[in-house]
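The lines below spell out each chain.
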Amino acid sequence: MPRISRIKKAGEFLRSHRDNDGRICIDVNLSPSFEIYDPLSIGYDNELNSDIYDYIEEKANLIPSNIPLKIRFHGRSFSEEEQENIRRIMKRHYNVAVLDKAWDKAANTKKLIVMAAFGLIMLTIYFYLSVIADNQIMVELFSVIGSFSLWEAAGSFLLERPQLKREYEEILQFREQTIEFYEN
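Read on for an overview of the structure.

About the cut-offs
- Residues numbered from 1 in each chain as written.
- Predicted model: local features only at pLDDT ≥ 70, side-chain atom pairs only at ≥ 80, totals over all residues.
- Heavy atoms only, no water.
- Buried < 20%, exposed > 50% of the residue type's maximum accessible area, 1.4 Å probe, protein only.
- Helix = DSSP H or I, 4+ residues; strand = E, 2+ residues; numbered from the N terminus.
- Pairing = 2+ DSSP bridges.
- Core = buried A, V, L, I, M, F, W, Y, C linked by side-chain atoms within 4.5 Å.
- Salt bridge = Lys/Arg side-chain N within 4 Å of Asp/Glu carboxyl O.
- Axes fitted to C-alpha atoms, helices over the stretch in contact; angles between N-to-C directions.
- Contact = heavy atoms within 4.5 Å.
- Parallel < 35°, antiparallel > 145°, perpendicular 65-115°, else oblique.
- Left-handed = near helix turned anticlockwise from the far one by under 90°.
- Nonpolar A, V, L, I, M, F, W, Y, C, P; charged D, E, K, R; others polar.

1. Structural notes on the pairing of strand β3 (residues 178-182)
Then comes step 1: Burial along β3 is one-sided: the face carrying I179 and F181 is buried and the face carrying T178, E180 and Y182 is not.
Then comes step 2: By the bridge criterion, five bridges tie strand β2 (residues 69-74) to β3 in an arrangement that is parallel. In the strand pairing of β3, F73 is matched with F181.

As structure tokens, this is what we get:
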């Protein structure tokens, strides 16, 4: 599908699903037969069915992360306690995801710094040895190692960091979503 066509479809989707409060609404049908909770989870670690998260995240794929979301659950009646429990579980789920992504960002920063420093040290040794050493193979080895390290650092900075930042912002969007319940 051409890029212009995808952008038009995204714009149409955003206009048609925007609520009065400026949030984009994602409607989720929780029919009475649908298992809301993950059957493997228990107690405090009770988790929602992963199909719910997958559906919401798939629908939100077209929505820029700076636009707030509203999730509207339809299909069955929930008590106030159940509603708060679902809100709490979803908030906890995305809080954990935010922490995980923050860890990834920190690891990326550490990799960037270590590879850049190592590359600069190797290239410094290369320049020093290229002046005084007779063994050109060893000199070139330092050049290759230094160049490779700087290349890795540049890749981390130019390719990985923007992707991690985008993913982090998307998770924050999910964490800050509002949740409403409608009985059909």
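Additional details are given in the paragraphs that follow.
2. Topic: the nonpolar core
Then comes step 1: Membership of the largest hydrophobic core comes to 25 residues, with the highest contact counts inside it found for I26, L48, I56, F73, I86 and M90.
Then comes step 2: For this core, the secondary-structure elements that each account for two or more residues are β1 (24-29), α2 (50-59), β2, α3 (80-132), α4 (136-175) and β3.
Then comes step 3: Tallying contributions element by element places α3 first for this core, with five residues.
Then comes step 4: Grouped together as the second largest cluster of nonpolar side chains are seven residues, Y126, L129, A133 and F142 included.

3. Thoughts on the pattern of salt bridges
Then comes step 1: According to the stated counting rule, one finds 13 salt bridges in the structure shown.
Then comes step 2: In this structure, D21 engages K70 in a salt bridge whose closest nitrogen and oxygen atoms are separated by 3.2 Å. Highlighted residues: D21 in the loop between α1 (3-16) and β1 and K70 in strand β2, separated in sequence by 49 residues.
Then comes step 3: What makes D21 partly exposed here is its relative accessible area of 46%.
Then comes step 4: Between E152 and K111 there is a salt bridge whose closest N-O contact spans 3.5 Å.

4. Brief notes about the sheet that holds β1
Strand pairs in the sheet, formed through backbone hydrogen bonds, run parallel or antiparallel to each other.
Then comes step 1: Strands sit in the order β1-β2-β3 across an open sheet of three strands; the sheet is parallel. Every interior strand has two partners, whereas the edge strands, β1 and β3, have only one. Pairs of neighbouring strands in the sheet enclose a mean axial angle of 25°, with direction left out of account.
Then comes step 2: Looking at chain direction, β1 and β2 are connected through six bridges and run parallel. Bridge pairing in β2 places I26 opposite I71.
Then comes step 3: Strand contacts of α2: β1 and β2, with the helix running at about 145° to β1, the strand carrying the most contacts.

5. Some words on the packing of α3 against α4
Then comes step 1: Between α3 and α4, whose axes approach to 7 Å, the crossing angle comes to 160°. As far as their axial angle goes, α4 and α3 are roughly antiparallel. α4 is crossed by α3, and the crossing has left-handed handedness.
Then comes step 2: Residue composition of the contact of α3 with α4, by class: 26 nonpolar, ten polar and eleven charged.

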